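Inside the fold
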Amino acid sequence: MKNLCWIRRDLRLHDHNALSHSLKDGETVIVFIFDQHILDKLKNKSDKRLTFIYDSLAEIEKQLQKKGSSLIVRYGKPEDEIPKLCEELRIDKVFTNRDYEPYAKKRDELVAKKLKASGIEFETFKDSAFHEKHEILTGSGSLYKVFTPYKNKWLEKFEESGKVIPDYKCELKNLRKFSNPKNILETDWYKVMGFHPSPSVLKAGTNEALKRLEAFENHMNKYKEARDFPAIEGTSNLSTYIRFGNISVRDMIRSGVSKRSEGASTWVAEIIWRDFYHMILDTHPYVEKESFKREYDQIKWLGSDEDFKAWCEGRTGFPIVDAAMRCLNETGMMHNRLRMIVASFLCKILLVDWRKGERYFAEKLMDYDLAANNGGWQWSSSSGCDAQPYFRIFNPYTQSEKFDSEGLFIKQWVPELAKANAKEIHRPDVLLYPGYPLPIVSYEKNRQRCLEMYTVVKKS
Ligand SMILES: Cc1cc2nc3c(=O)[nH]c(=O)nc-3n(C[C@H](O)[C@H](O)[C@H](O)COP(=O)(O)OP(=O)(O)OC[C@H]3O[C@@H](n4cnc5c(N)ncnc54)[C@H](O)[C@@H]3O)c2cc1C
């Protein structure tokens with residue numbers, strides 16, 4: 001058999017379900033397509049994520065060359081490129097891992113249909129999720145809409161399985177051997193695609209991901225207490241690596257369950273949130289554009305474009321929000337506690353539609369993942385499944401006092417407040433710090449306006 005393994009958000013050569021099956025089944029070539037449909041939508045022509053992908057592919061290419069093989073890379077529309085490659089390489093079967101995003105599902109259907117017409121099989125595998133949609137169901141066979149019972153069922157199933165975590169070994173000796181003068185190390189794909197490399201904020205690739213996991217294992221037991229404080233390294237910082245599949249979800253769970261501490265269990269629960277949001281997107285694809293709880297789409301958002309712009313630029317006059325947004329703009333990363341603070345602030349204090357914030361994060365986040373981002377935004381705006389109640393509104397001042405008590409994170413990103421002391425920094429007197437903006441809204445007043453704005457939901 002001549003097989004093609006199409007990699008997408010699974011940029012690694014170990015514990016890879018589709019690749020493992022493909023290599024067992026026959027001689028395999030590995031292919032990556034820079035998808036024109038996706039890249040055409042990117043406004044920033046030196047998007048950091050493209051550099052991350054490029055560097056991940058370069059690492060793969062080096063590994064493949066050691067085995068006498070090479071990665072085949074193309075730029076174009078996958079529904080054209082995959083069938084073309086199958087014809088050129090006389091492929092019998094295409095193997096790939098499943099992706100649960102609405103665009104990806106349509107793309108795969110189209111590719112499968114085209115291949116079928118030429119007599120080529122297209123087989124997909126579970127890989128990115130530990131459990132897929134129909135694996136975790138309630139006693140009556142329906143889908144969960146609340147996280148905690150979902151997590152309990154997930155853990156129960158894991159326990160029942162004898163805590164088995166599959167490891168999809170990849171027999172690289174079964175790769176097709178060939179020389180590829182157009183390999184990624186020798187072709188300037190940036191130029192072909194009309195992009196430029198960006199300075200790397202995160203070193204891409206599997207080696208780096210596994211190193212980070214190992215480093216995190218040394219303090220995983222402290223995760224439960226440390227994870228909420230943005231000024232310290234309390235979390236794994238693996239989200240970009242799992243997003244692009246430099247590391248597998250099973251690598252992470254294997255590490256978490258081997259540690260047996262409260263910190264490790266809390267960390268595994270976060271990875272279960274990831275499965276939960278993927279299941280929600282897979283089974284309720286409308287959430288991409290609409291509220292999970294549809295009545296929330298009746299809200300008439302009162303916020304202004306100017307306030308949205310100030311939020312994006314980190315000049316709202318609320319130090320913790322501004323520090324978080326400036327960090328995002330500069331690095332493409334943001335701590336989870338800060339994501340919750342700025343998202344709640346946008347929807348509930350600036351009264352701006354959650355979709356605008358969600359789109360802004362989609363443009364900026366290195367680890368942007370439609371399912372997790374949408375889930376996080378809908379949780380924050382209270383429109384999602386298992387969201388916080390709409391009348392629970394984060395107070396940015398007290399959140400700041402609690403989670404950045406010394407103002408260390410704020411000082412890192414808001415130099416105007418470098419001289420503020422720990423007491424002043426959360427709600428500074430603007431007369432003392434003239435370079436820093438006045439708060440663009442009153443927290444107390446807008447909190448009240450928010451409750452009124454959301455009453456439409458209560459009535460429906
Ligand atoms: C408004 C908002 C938007 C978000 N957007 C994204 C996004 O686009 N991509 C993304 O991966 N996460 C998103 N999250 C979830 C979370 O903030 C990040 O996963 C986390 O900050 C990544 O840091 P870490 O790798 O150090 O996580 P750790 O705390 O070490 O957690 C380990 C892993 O678990 C997963 N995880 C952790 N928390 C969550 C969560 N709440 N939901 C789903 N998965 C989770 C991630 O894969 C993460 O790498 C969002 C959260 C909010 C509130």
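Before any of the text, the structure's been laid out above.
First, a word on scope: everything that follows refers to the structure included in this document. (Residues numbered from 1 in each chain as written. Predicted model: local features only at pLDDT ≥ 70, side-chain atom pairs only at ≥ 80, totals over all residues. Heavy atoms only, no water.)

Attention now goes to the layout of surface pockets. The space that makes up the second largest pocket amounts to roughly 1,400 Å³. Lining the second largest pocket are 44 residues; nearest its centre among them are Ile38, Leu42, Arg243, Ala362 and Tyr368. Of all the secondary structure elements, the ones that give two or more residues to the lining of the second largest pocket are β2 (27-35), α2 (36-39), α3 (48-66), α5 (102-117), α14 (319-331) and α16 (354-364). Among the residues making up the lining of the second largest pocket, the classes are represented as 20 nonpolar, five polar and 19 charged. (1 Å grid on protein atoms, 1.4 Å probe; cavity = no way out; pocket = protein on both sides within 12 Å on 5 of 7 lines; lining within 4 Å. Points joined across faces, edges and corners; volume = space filled by probe spheres on them. Helix = DSSP H or I, 4+ residues; strand = E, 2+ residues; numbered from the N terminus. Nonpolar A, V, L, I, M, F, W, Y, C, P; charged D, E, K, R; others polar.)

Applying the stated criterion to the full structure yields 35 aromatic pairs. On the numbers, 6.0 Å between centres and 90° between planes, the contact of phenylalanine 216 with tyrosine 223 is edge-to-face. On the basis of relative accessible area, phenylalanine 216 is assigned to the buried category, the value being 2%. The class for tyrosine 223 is buried, based on a relative accessible area of 6%. Here the aromatic cluster, defined as three or more aromatic residues joined through ring pairs, consists of Tyr144, Phe147, Tyr150, Trp273, Phe276 and Tyr277. Above the plane of the ring of phenylalanine 244 lies arginine 243, whose end atom (NZ or CZ) is 4.8 Å from the centre. In this arrangement the basic side chain of arginine 294 is found over the ring face of tyrosine 286, its NZ or CZ atom lying 3.8 Å from the centre. (Phe/Tyr/Trp six-rings, centres within 6.5 Å; stacked < 30°, edge-to-face > 60°. Buried < 20%, exposed > 50% of the residue type's maximum accessible area, 1.4 Å probe, protein only. Lys NZ or Arg CZ within 6 Å of the ring centre and 35° of its normal.)

Moving on, we get to the packing of helix α13 (residues 305-313) against α14. In contact at an axis separation of 7 Å, α13 and α14 are set at 70° when each is read in the N-to-C sense. Looking at the two axes, α13 sits roughly perpendicular to α14. Contact residues: α13 offers Trp311, Cys312 and Glu313, while α14 offers Val321, Met325, Arg326 and Asn329. Partitioned by chemical class, the residues of the contact of α13 with α14 number four nonpolar, one polar and two charged. (Axes fitted to C-alpha atoms, helices over the stretch in contact; angles between N-to-C directions. Parallel < 35°, antiparallel > 145°, perpendicular 65-115°, else oblique. Contact = heavy atoms within 4.5 Å.)

Under the definition given, this model contains four cavities of 30 Å³ or more. Volume-wise, the largest cavity comes out at about 90 Å³. If you go around the largest cavity, you meet 14 residues; those closest to its centre are Arg9, Asp10, Arg12, Asp127 and Ser128. A class-by-class count of the residues in the lining of the largest cavity yields three nonpolar, four polar and seven charged. Per-domain counts for the lining of the largest cavity show at least three residues from each of domain 1 (2-128) and domain 2 (130-167 + 207-283). As a volume, the second largest cavity reaches approximately 80 Å³. (Domains from an automatic or database assignment.)

Now for the pattern of salt bridges. For the structure on display, the rule yields 38 salt bridges. For lysine 43, the salt bridge identified is with glutamate 363, shortest N-O distance 2.8 Å. Of this pair, lysine 43 sits in the loop between α2 and α3 while glutamate 363 sits in helix α16, placing them 320 residues apart in sequence. Lysine 43 gets classed as exposed once you look at its relative accessible area, which sits at 67%. Salt bridges sharing common partners tie together Arg12, Asp15, Asp127, Arg250, Asp251 and Arg254. (Salt bridge = Lys/Arg side-chain N within 4 Å of Asp/Glu carboxyl O.)

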